[in-house]
Amino acid sequence: MTLSMGVSGGISEETAGTGEVIFPEGFVWGTATASYQIEGAANEDGRGPSIWDTFSRTPGKVFAGHTGDVACDHYHRYRDDVAMMADLGVQAYRFSMAWPRIQPDGSGPVNPRGLDFYDRLVDELHGHGITPLVTLYHWDLPQALEDRGGWTSRETAERFAEYAAVAYGRLGDRIATWTTLNEPWCSSFLGYGAGVHAPGRTDPGAAFAAVHHLLLGHGLAVAELRAAGAAQVGITLNLAPISGDDPEAVAHIDGLQNRIFLDPVLRGEYPADVVERARRFTDWSFVRDGDLDIIGAPIDVLGVNYYSPTAVRLRAGQPANPVHPGSEGIAFVQGDEEKTAMGWSVKPSGLTELLTRVSRDYPGTPLIITENGAAFDDVLADGRVADERRIAFLDGHFRAAHAAIAAGADLRGYFVWSLMDNFEWAEGYAKRFGLVHVDYASQRRTPKDSALWYREVIRRNGLQA
Ligand SMILES: OC[C@H]1NNC[C@@H](O)[C@@H]1O
């Protein structure tokens, strides 16, 4: 089953507010994870070091010095985890492959034992009737490539395309949907600009070079995947609706958060206003003739990750937010909405706004919500996690997604982040996003109430009144 199969049947008559909501026939319900966040086995079966192995070992970078060395031990427990997904009725599973497992140095020799793991995982998924959706890169760049410049270097983009071809060569017969990158905004602006993610660099110029080479890697990988016969290719972007009273401030942040990725991938051009504003940090000389044609090659599906909206306003004297180069004088403000354990505003209507905007401004590409979910301070008591706030969060966002479909968005599926609690990057294991609770000492999995609720949503293909 491919994930962008045409959904048949119309939208049920949506009842306003909390009424019954039924999604189109064929709508795909899934869960999502990423390799470094769940696999563990960091030094097993030939896996090489990634920038996150290095970063998490750098004192002060990750909460309490947590690392992905063991994580959820998914590398060894994948059969039980897949069986657990099947029990929850999950129809599709979004996971990422660890480049350093497949090419320990990021180039050259392939590690067959790394590919063997994904072989086993994909066969287990198919054995349970669960459709795989793979992300080729979810931030665990081989350290050897970072040592040669990482995403600031054009070479990394070229090596990424080679890696994509290797991965497809082994698994292309069993994976229909291939997405190249997860959230290049995080890899570039958090990793090279603000330094709060691996590799921990704080150089805005490097961040813009990373933006370009990540996108070039995407385009080069799409060409390899197409040549190899991939059924569906795409990319996942973390996007947010930007609101505020000052149009220039909104345009500035919308440009850095959204349009600097959407425009190249879906229009084959960088937004002129972003290029001009960035000239104080870069001369864009890393862009070569023909690059934008490569980056803008058509894709079959756009993955959208949404968590929370962004609101900005002008504030005299406000220092730049290091995550948004050049944002002096722009304050990031939060409303009085409920907050998650990450401090993020809960605003389901932001999802409707985002999906309808993308559909309006970038028509013609089917959308999948590849991540949406929330961290709350879950408590396991008597073998149960009564995570009613997560249920409310998901209920609201599912309704918001349905409203976007009713407004014309071509939304094909929804992957809840995350299947299970896992390594939340700089927050380590302190933040729990899972539908399933993980006791890291025992590795015991406990489906939360939200997982049992989600099972009913999937069975019903919608929400009860
Ligand atoms: O912060 C929650 C998630 N956001 N998107 C990327 C994932 O790796 C994160 O865990």
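Residues numbered from 1 in each chain as written. Predicted model: local features only at pLDDT ≥ 70, side-chain atom pairs only at ≥ 80, totals over all residues. Heavy atoms only, no water.

## Details of the site of the ligand
Inspection of the region around the ligand gives Gln37, His138, Trp139, Asn182, Glu183, Tyr307, Trp344, Glu371, Trp417, Glu424, Trp425 and Phe433 as its neighbouring residues. Here Glu371 contributes a side-chain N or O atom positioned 2.6 Å from a nitrogen atom of the ligand. One nitrogen or oxygen atom from the side chain of Glu424 is found 2.6 Å from an oxygen atom belonging to the ligand. When the ligand sits alone it has 280 Å² of accessible area, and the protein chains cover 95% of it. (Near = heavy atom within 4 Å. Polar contact = N/O pair within 3.5 Å; in protein donor to acceptor, adjacent residues only side chain to side chain. Areas by Shrake-Rupley, 256 points an atom, 1.4 Å probe, with all protein chains shown as cover.)

## Thoughts on the nonpolar core
Counting residues in each nonpolar core, the largest one holds 125 residues, and the members touching the most others are Trp52, Phe95, Met97, Tyr137, Trp178 and Phe398. Here the element with the most residues in this core is helix H9 (residues 204-228); it accounts for 11 residues. Ala34, Ala92, Val301 and Phe433 belong to the second-largest nonpolar core, a separate cluster that totals 13 residues. (Core = buried A, V, L, I, M, F, W, Y, C linked by side-chain atoms within 4.5 Å. Buried < 20%, exposed > 50% of the residue type's maximum accessible area, 1.4 Å probe, protein only. Helix = DSSP H or I, 4+ residues; strand = E, 2+ residues; numbered from the N terminus.)

## Topic: the side chain of Ser308
Tracing the backbone through its elements, the reader meets Ser308 in the loop between strand E8 (301-305) and strand E9 (310-314). Looking at Ser308, the relative accessible area reads 14%, which means it is buried. For Ser308, the side chain forms a polar contact with the main-chain oxygen of Ser345, separated by 2.7 Å. Setting aside residues no more than four positions away along its own chain, Ser308 makes contact with Ala240, Trp344 and Ser345. (Contact = heavy atoms within 4.5 Å.)

## Notes on empty space enclosed by the protein
Vacant regions in the atomic arrangement are exposed by a probe of water-molecule size rolled over the atoms. Under the criterion given, the structure shown has 3 cavities of 30 Å³ or more. Computed from the structure, the largest cavity encloses a volume of approximately 50 Å³. Lining the largest cavity, in full, are Ile51, Trp52, Tyr137, Trp139, Trp151, Ser187, Tyr192, His197, Ala198 and Pro199. Counting residues per element, the ones that place at least two in the lining of the largest cavity are helix H2 (51-56) and helix H8 (184-194). Looking at the lining of the largest cavity residue by residue, the classes come out as 8 nonpolar, 2 polar and no charged. Computed from the structure, the second largest cavity encloses a volume of approximately 40 Å³. Of the residues assigned to the lining of the second largest cavity, the class counts are 3 nonpolar, 3 polar and 4 charged. (1 Å grid on protein atoms, 1.4 Å probe; cavity = no way out; pocket = protein on both sides within 12 Å on 5 of 7 lines; lining within 4 Å. Points joined across faces, edges and corners; volume = space filled by probe spheres on them. Nonpolar A, V, L, I, M, F, W, Y, C, P; charged D, E, K, R; others polar.)

## Overview of the confidence of the model for the chain
Chain-level statistics for the chain give a pLDDT mean of 96 and a share of 96% at 70 or above. Contacts of residues 5-16 to residues separated by more than four positions or lying in other chains number 23 contacts, the stretch itself having pLDDT below 50. Reported confidence for the predicted complex is 1.00 by ipTM and 0.97 by pTM. (pLDDT = per-residue confidence, 0-100.)

## Considering the packing of helix H13 (residues 349-361) against helix H14 (residues 388-406)
Viewed as axis vectors pointing N to C, H13 and H14 meet at an angle of 30 degrees, and their least axial separation amounts to 8 Å. Compared by their axis directions, H13 and H14 come out roughly parallel. For the pair H13 and H14, the sense of crossing is right-handed. Taking contact as the criterion, the partners of Leu351, Thr352, Leu355 and Thr356 in H13 are, on H14, His397, Ala400, Ala401, Ala403 and Ala404. (Axes fitted to C-alpha atoms, helices over the stretch in contact; angles between N-to-C directions. Parallel < 35°, antiparallel > 145°, perpendicular 65-115°, else oblique. Left-handed = near helix turned anticlockwise from the far one by under 90°.)

## Re the layout of surface pockets
Counted as a void, the largest pocket has a volume near 1,100 Å³. Trp185, Tyr307, Ser308, Thr310 and Trp344 are, among the 42 residues lining the largest pocket, the residues nearest its centre. Contributing elements (two or more residues each) for the lining of the largest pocket: H8, E9 and strand E10 (330-333). For the lining of the largest pocket, the element with the most residues is H8, which contributes 3 residues. In terms of residue class, the lining of the largest pocket is made up of 20 nonpolar, 16 polar and 6 charged.

## Quick look at the environment of Ala64
Following the sequence through the fold, Ala64 ends up in the loop between H2 and helix H3 (74-87). Relative accessible area serves as the criterion here: at 60%, Ala64 is assigned to the exposed category. Through-space distance from the C-alpha of Ala64 to that of Gly350 is 33 Å; in sequence the pair is 286 residues apart.

## So, the pattern of salt bridges
Proximity of charged atoms lets side chains of opposite charge pair with each other. In the structure shown here, the tally under the stated rule is 43 salt bridges. Between Arg47 and Asp53 there is a salt bridge; the shortest N-O distance is 2.9 Å. For Arg47, a relative accessible area of 9% puts it in the buried group. Asp53 gets classed as buried once you look at its relative accessible area, which sits at 8%. Measuring nitrogen to oxygen at the nearest pair gives 3.4 Å for the salt bridge that ties Glu155 to Arg159. With a gap of 4 residues between them, Glu155 and Arg159 both fall in helix H7 (residues 154-171), about one helical turn apart. Beyond isolated ion pairs, a larger network of salt bridges with shared partners links Glu248, Asp254, Arg259, Asp273, Arg277, Arg357, Arg360 and Asp361. (Salt bridge = Lys/Arg side-chain N within 4 Å of Asp/Glu carboxyl O.)

## Here's the deal with the sheet that holds strand E6 (residues 232-238)
Overall, parallel pairing links the 8 strands, which are arranged E2-E3-E4-E5-E6-E8-E11-E14 in a closed barrel. Mean inter-strand twist for the sheet, computed between neighbouring axes without regard to direction, equals 25 degrees. Where E6 meets E8, 5 bridges bridge the pair, whose relative direction is parallel. Pairing of Asn238 across the sheet is with Asn305, part of E8. Running at roughly 165 degrees to E6, helix H10 (residues 247-267) makes contact with E6 and E8 of the sheet. (Pairing = 2+ DSSP bridges.)

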